[in-house]
Amino acid sequence: MTQTHAISETQTRAGHDHILILDFGSQVTQLIARRVRESGVYCEIWPFNHADDDKIKAFAPKGIILSGGPCSVLDEDAPAAPEIVFEMDVPVFGICYGQQTMVKQLGGRVAPGGGSGEFGRAHVDVLEHSGLTQGIWDKGAHEQVWMSHGDHVAQLPAGFTVIAASEGAPFAVVANEDKQFYGVQFHPEVMHTPHGRDLLKNFTHKVAGCAGDWTMQSFREESIAKIRAQVGDKKVICGLSGGVDSSVTAILLHEAIGDQLTCIYVDTGMMRAGESQQVVSLFKEHYRIPLIHKDASDLFLGALEGVTDPETKRKTIGRLFIDVFDKCAKEVGDAAFLAQGTLYPDVIESVSFTGGPSVTIKSHHNVGGLPERMNLKLVEPMRELFKDEVRDLGRALGMPEDFIRRHPFPGPGLAIRMPGEITRDKLEILRKADTVYLDEIKKAGLYDEIWQAFAVLLPVRTVGVMGDGRTYDYVCALRAVTSTDGMTADYYPFEHKFLSRVSTRIINEVAGINRVTYDITSKPPGTIEWE
C-alpha cells in the first residue's frame, strides 16, 4: 500500500468537514491529527510532496495545517508547501517548520539559529489579541509552550502581525487576520503546551468553522453503508488475532453483512493463558459469528524447534500462518474479500515524507501476501482510524469493556517474549508469570494507565536459594510502558513495593523462575517488545 494510493481514496467522509495536514516529517505529526480528531473534526495527513493541486482541491479542506519537520527552510531544496495552499482562500495554520516555510514562501525572512534555538519548555508573552488565541490567551499573559527549533522567523511578510513572543523567538505567534493565516514556533500538539489542544480547536472550529460532528457513531453508520456497497452479496473472510483491531473489524463487518462473513482464528500455540478460549467464546457463542478455529500449535512449535534468531522466528510464523490461513479459507469457498484491521498509522507510515524508504526495525506479522495469493480484494474499514478511535468504535458497537481495553498483543504472540528457543515447557512458565503480573496490575488499579505490560522469559538461568535447597532456574523480566500510539514509549514508574510483591508471587507460584527484573528502557532507544 503506497501513500499515493491512500490519498486517492480519501473521499470517504462526505457530509463532514475536512482538515488537511501536510507533513514535513515531524515525529509528532500524528499528534496533530489526534488532537483534531478528538475535537470532532475529520482530518488526514498527507506528505507535503504527495499532494498535488487537484487532490487538494478535491479534498475540499476547510483549513490546512502545516506540520513541523527536521529540515531547515534555509537549506537548498528545502521542503515547501504547495503554492495552492495559500491561494485557496482557506485558513492555514503553520506549526514550527510549517510557520517558517509559510513566512518564507509569502515573502518574509527566516534566520539561522546560530546556537540560540529553544528546546523544551519555554514561555511566550502574549502581545495582541488574535482569532487563534481568542478565549484562551489574554493580551499580557505569560504562557508555557513547548519549543523545538533552531532557526527562527526574523521578518514577517506583508499583512502579518506579531501575536506573541518568547526569549528565543521574537515571532513565536504570528497572524494575518484578513487571510486567516496563522503560525506558531512552538508545538501545540504536545501535552507540554498546556493550552495547545485549545489553540488547535480554535483553529478548526472558530477560524475554519468546522462543525465538529465527526464521531464514532457517525463513522459506524457510514462504514456499514460503505461496506455493504463494496461487498454486495459476496463472502468475506476475516483473520482474527484475538486483539482489539481485528475483533472490532470483525464485529463491524458482521453488523454490516451478517453471515456473509466468516472469521478464521489460527491458534499458533503462543497465545496468553485462556486467550484462545476467550476469543472463540466471544465470537462463536456471544456474537454467533461464523468462525473457523484451527489449532495449529503442533505445526508452529515443531517448525520453531531449535530456532533462536528473532527474524527467523517471525518469518517462520508468518509463512506458516499464511499456509494455515489459506487452507482454512478454502473451507469457506468462493470468498471474494479479505478483511484486515489496518489502522491509519499503518497507512501514514507506508512511505516516508521524503518519498524514500523507511528503515525496517523488525518485520511485522500480518496477513501480508494473502490477498495476492488467494486472489482476494481487501476490505479495510478502519484504515482511517487511530488506535484510540478503534476502542471508541468498539464501545459504539457494544463490545465488552474489558475486551476493548486490552493491551496490544503482537501477532507472533509469546514467541517474541521468549528470546532463544521456544518450547512448550517455557511457554507454560511464561504464561503463568504473565498471568500473575497482569493480575497484580489490575488489582492495583493500574491497567488503564499502562499502554502495554507483559512478562518476558530470558534464555538465562541463575543460581538461587529456596528453602534449604539450591535452584538453577530462569530469569523473568517485566515490561510496562506508557504511550499514546506505540511509536514512542517510556517505562511505567511502578512503586518498589509493587514490584517486590509481583516478584514474590512469581517466584513462589511459578516453578522454573527464581529471579525477576524490571525493564526501564524507553522507546527509543529500545523497542517495546524484546524481539
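Above this text you will find the structure in question.
All of these numbers come straight from a predicted model, not from anything done at the bench.

S.K.: If you had to explain the environment of D490 to someone new, which residues and values would you point to?
M.R.: Tracing the chain through its elements places D490 in strand β19 (residues 490–491). You can call D490 partly exposed: its relative accessible area is 39%. For the pair formed by D490 and W451, sequence separation is 39 residues and the distance between their alpha carbons is 9.7 Å. Apart from the residues within four sequence positions on either side, D490 is in contact with A480, V481, T482 and S522.

S.K.: I'd like to hear about the environment of K443, residue by residue, with values.
M.R.: Note on placement: K443 falls in helix α15 (residues 424–443). Sequence spacing of K443 and D402 is 41 residues, and the spatial spacing of their C-alpha atoms is 14 Å.

S.K.: Before we move on, could you go through helix α16 (residues 496–509) and cite the residues and values that matter?
M.R.: When the terminal C-alpha atoms of α16 are compared, their 20 Å separation across 14 residues agrees well with the 20 Å that a helix rising 1.5 Å per residue should span. Buried residues of α16: F498, L499, V502, S503, R505 and I506, and no others. Projected down its long axis, α16 shows its buried positions confined to an angular sector of 165 degrees, all on one face. In α16, the exposed residues that point more than 90 degrees away from the buried face are H496, K497 and N508. Against the buried residues of α16 lie α15, β18 (469–482) and β20 (513–518).

S.K.: Report on the state of the cysteines, specifying residues and quantitative values.
M.R.: Under the counting rule described, the total for this entry stands at 0 disulfides. Counting only cysteine sulfurs, C238 is the nearest neighbor of C263, a cysteine outside any disulfide, at a range of 4.7 Å.

S.K.: I'd love a proper account of unusual backbone geometry, names of residues and values included.
M.R.: Of the consecutive residues K523 and P524, the connecting peptide bond is found in the cis state with omega at -15 degrees. Within the secondary structure layout, P524 lies in the segment after β20. The amide bond that connects P524 to the next residue, P525, takes the cis arrangement and shows omega of 10 degrees. Structurally, P525 is set in the segment after β20. With a phi close to 60 degrees, D77 is a non-glycine residue in the positive phi region. Secondary-structure assignment places D77 in the loop between β3 (63–66) and β4 (92–95). Judged by its relative accessible area of 72%, D77 is exposed. At D334, a position not held by glycine, the phi torsion is positive, near 40 degrees. Locating D334 in the fold gives a position in the loop between α10 (310–332) and β15 (335–339).

Scoring rules and cut-offs
Residues numbered from 1 in each chain as written. Predicted model: local features only at pLDDT ≥ 70, side-chain atom pairs only at ≥ 80, totals over all residues. Heavy atoms only, no water. Helix = DSSP H or I, 4+ residues; strand = E, 2+ residues; numbered from the N terminus. Buried < 20%, exposed > 50% of the residue type's maximum accessible area, 1.4 Å probe, protein only. Contact = heavy atoms within 4.5 Å. Expected span 1.5 Å × (residues − 1). Arc of directions from axis to C-beta. Disulfide = S-S within 2.5 Å.

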